[in-house]
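Fold and geometry: a report
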Amino acid sequence: MDHTTLGSLVVSAQGLGCMSMSEHYGPTDWDRATSAVRRALDLGVTLLDTADIYGAGHNEVLLGRAIADRRDEVVVATKFGVDRSAGDHRRRVRGEPDYVRRSCDASLLRLGVDHIDLYYLHRPPQDVDLAEAVDAMAGLVAAGKVRHLGLCEVDADQLRRAHEVHPITAVQSEYSLWSRDVEAIAPVMAELGVGLVPYSPLGRGFLTGDVAPDSLGAADVRRGHPRFQGDDGTANQRLADRIGAVARDLGVTGAQLALAWVHAGGRRLGLPVVPIPGTSSPDHVSDNVKALDIVLEDAVLAELEPFAQEVRGDRNGPLQASATQARS
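Below is a short write-up of the structure.

Parameters and conventions
Residues numbered from 1 in each chain as written. Predicted model: local features only at pLDDT ≥ 70, side-chain atom pairs only at ≥ 80, totals over all residues. Heavy atoms only, no water. Helix = DSSP H or I, 4+ residues; strand = E, 2+ residues; numbered from the N terminus. Rg over C-alpha atoms; globule rule 2.2 N^0.38 Å. Buried < 20%, exposed > 50% of the residue type's maximum accessible area, 1.4 Å probe, protein only. Areas by Shrake-Rupley, 256 points an atom, 1.4 Å probe, with all protein chains shown as cover. Pairing = 2+ DSSP bridges. Salt bridge = Lys/Arg side-chain N within 4 Å of Asp/Glu carboxyl O. Core = buried A, V, L, I, M, F, W, Y, C linked by side-chain atoms within 4.5 Å. Contact = heavy atoms within 4.5 Å. Axes fitted to C-alpha atoms, helices over the stretch in contact; angles between N-to-C directions. Parallel < 35°, antiparallel > 145°, perpendicular 65-115°, else oblique. Left-handed = near helix turned anticlockwise from the far one by under 90°. Nonpolar A, V, L, I, M, F, W, Y, C, P; charged D, E, K, R; others polar. Disulfide = S-S within 2.5 Å. Expected span 1.5 Å × (residues − 1). Right-handed = clockwise from strand over helix to strand, strands pointing away.

**Some words on the overall build of the protein chain**
Within the protein chain, the regular secondary structure consists of 12 helices and 11 strands. Taking 328 residues into account, the globule formula puts the C-alpha radius of gyration at 20 Å, and the protein chain, at 18 Å, falls close to it. Dimensions of the protein chain, computed from the C-alpha atoms along their principal axes, are close to 55 × 40 × 40 Å. In the protein chain, which comprises 328 residues, the share counted as buried stands at 59%. When the accessible surface of the protein chain is summed, it comes to about 13300 Å², and 47% of that surface belongs to carbon and sulfur atoms.

**Here's the deal with the sheet that holds strand 3 (residues 16–17)**
In spatial order, the strands read 3-4-5-8-9-10-11; together these seven strands make up an open sheet with parallel pairing. What marks the edges here is a single partner per strand, and that holds for strand 3 and strand 11 (195–199). In the sheet, strand 3 pairs with strand 4 (residues 47–49) via two bridges, with the strands oriented parallel. Looking across to strand 4, one finds that Gly17 is bridged to Asp49.

**Thoughts on the pattern of salt bridges**
Within the structure shown, the criterion is met by 20 salt bridges. Between Arg71 and Asp117 there is a salt bridge; the shortest N-O distance is 3.0 Å. A residue pair is termed long-range when its members are at least 10 positions apart, and Arg71 in the loop between helix 2 (58–66) and strand 5 (75–80) and Asp117 in strand 8 (residues 116–121) qualify at 46 residues. Asp117 shares its class with Arg71; the two are buried. The residue Arg180 makes a salt bridge to Glu183 at a minimum N-O spacing of 3.1 Å. There is no split in this pair, since Arg180 and Glu183 are both buried. By sharing partners, the salt bridges in this structure join Asp83, Arg92, Arg94 and Glu96 into a single network.

**Some remarks on the nonpolar core**
One finds Leu16, Leu48, Leu151, Leu159 and Leu304 to be the most contacted residues of the largest nonpolar core, which totals 84 residues. Top contributing element to this core by residue count: helix 8 (residues 254–269), with eight residues. Once residues lying within four places of it in the same chain are set aside, the contact partners of Leu151 are Tyr120, Leu121, Leu130, Val134, Leu159, Ala162, Ile168, Ala170, Val171 and Gln172. Membership of the second largest hydrophobic core comes to 14 residues, among which are Leu6, Ala77, Tyr199 and Val274.

**A few points about the packing of helix 1 (residues 30–42) against helix 2**
Two elements in contact, helix 1 and helix 2, have axes separated by 9 Å at closest approach and are oriented at 55°. Taken together, the axis directions place helix 1 and helix 2 in an arrangement best described as oblique. The hand of the helix 1/helix 2 crossing is right-handed. For the pair helix 1 and helix 2, the contacting residues are Trp30, Ala33, Thr34, Val37 and Arg38 in the first and His58, Val61, Leu62, Leu63, Arg65 and Ala66 in the second. Grouping the amino acids of the contact of helix 1 with helix 2 by side-chain chemistry returns seven nonpolar, two polar and two charged.

**Focus on the state of the cysteines**
Taken as a whole and judged by the stated rule, the model has zero disulfides. We note that Cys18 lacks a disulfide partner, and the nearest cysteine sulfur, in Cys152, lies 14 Å from it. The class for Cys18 is buried, based on a relative accessible area of 1%. Cys104 takes part in no disulfide bond, and the closest cysteine sulfur to it belongs to Cys152, at a distance of 15 Å.

**Observations concerning helix 4 (residues 130–142)**
With 13 residues, helix 4 extends 19 Å between its outermost C-alpha atoms, agreeing within 8% with the 18 Å of an ideal straight helix rising 1.5 Å per residue. Turning to helix 4, its buried residues number three or more, namely Leu130, Ala133, Val134, Ala136, Met137, Ala138 and Leu140. On the buried face of helix 4, the contacting elements are strand 5, helix 3 (97–111), strand 8, strand 9 (146–152) and helix 5 (156–165).

**A short note on the packing of helix 2 against helix 3**
One way to put it is that helix 2 packs onto helix 3 with a least axis distance of 7 Å and a crossing angle of 45°. Looking at the two axes, helix 2 sits oblique to helix 3. Note on element contacts: helix 3 touches helix 2 through Ser107, Arg110 and Leu111, opposite Glu60, Val61, Leu63 and Gly64. Its residues assigned to classes, the contact of helix 2 with helix 3 comprises three nonpolar, two polar and two charged.

**Some remarks on the pairing of strand 11**
With five of its five residues buried, strand 11 lies for the most part within the structure. Alternating residues of strand 11 divide into Gly195, Val197 and Tyr199 and Leu196 and Pro198, and every residue in both groups is buried. Of the strand pairs in this sheet, strand 10 (residues 170–174) and strand 11 are connected by five bridges, and their pairing is parallel. Residue Gln172 lies in a different strand from strand 11, and its bridge partner there is Val197.

**Details of the pairing of strand 9**
In terms of residue burial, strand 9 counts as a mostly covered element, since six of its seven residues are buried. Across five bridges, strand 8 lies against strand 9 in parallel orientation. In the strand pairing of strand 9, Ile116 is matched with Val146. One ladder, built from three bridges, connects strand 9 with strand 10; its direction is parallel. Paired with Cys152 across the strands is Gln172, a residue of strand 10. Between strand 9 and its parallel partner strand 10, the chain crosses via helix 5, and the hand of that crossover is right-handed.

What follows is the structure, encoded as structure tokens:
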């Protein structure tokens with residue numbers, strides 16, 4: 001396993017996103033998910049990503065139990081800030097200091113650990129200034145409860161202001177062949193020495209070629225996502241089919257091609273980039289890690305370059321959009 005450095009935090013060059021092990025993408029299975037986590041560790045994956053809202057705490061409990069006897073092999077990353085207590089369609093992003101401290105203590109308890117290696121604010125807060133929330137997070141570092149701080153889905157000005165309060169180790173934002181918005185802040189990230197942790201590097205499964213808009217179950221949140229619906233979903237399926245054709249020509253899977261593109265994007269942007277593809281399948285974990293061995297030639301990268309501009313539909317579904325209007 002190759003490794004890279006986010007700020008001063010050394011992690012595997014590819015991580016594992018754990019959200020789907022608890023909710024959103026259809027039926028879940030505790031034992032299968034635990035096996036996926038253990039397979040990742042066996043392959044040298046160290047960065048494991050969760051959040052307090054995934055499964056209303058279920059995901060942190062699952063992850064904590066899966067790593068209980070292997071804690072020293074793991075860089076635990078979790079997130080706080082999105083408050084779902086009033087229902088998903090009344091979400092709000094909180095960052096008041098007391099909420100920050102209580103959220104951290106609750107995550108430590110669910111995870112069964114004495115510190116969190118990388119603690120993210122899940123979105124810029126809607127109730128206080130971002131600097132106030134980051135200052136409270138810095139207090140967690142001083143108390144020894146957290147080692148490194150991260151932010152999710154911030155713009156360049158927000159990142160600069162936060163970094164002035166306390167060094168930011170990583171920004172987690174969507175980044176893939178069909179979502180490249182975060183490239184706009186890459187120069188500031190490089191200037192400040194901040195790494196990028198892309199979530200949904202497989203386009204919420206679309207880029208794998210295994211997820212079609214008409215194949216999603218009733219409990220799958222992607223049924224309501226703009227890029228999976230109606231004419232946009234149909235058009236995007238044609239794009240995904242093109243990705244699949246390129247992958248077949250190279251003798252790799254669609255997922256491996258998508259991940260190899262993200263790694264190439266990091267090199268192009270001059271940033272340490274550690275994607276966290278999400279899966280609860282041990283076999284998919286193994287297949288995804290193999291993407292680290294794929295180096296895409298310039299001709300392939302040129303063929304893939306227009307893809308993001310051709311994608312139709314907003315990248316955020318209604319649940320994500322409800323938590324994006326921050327105060328600062």
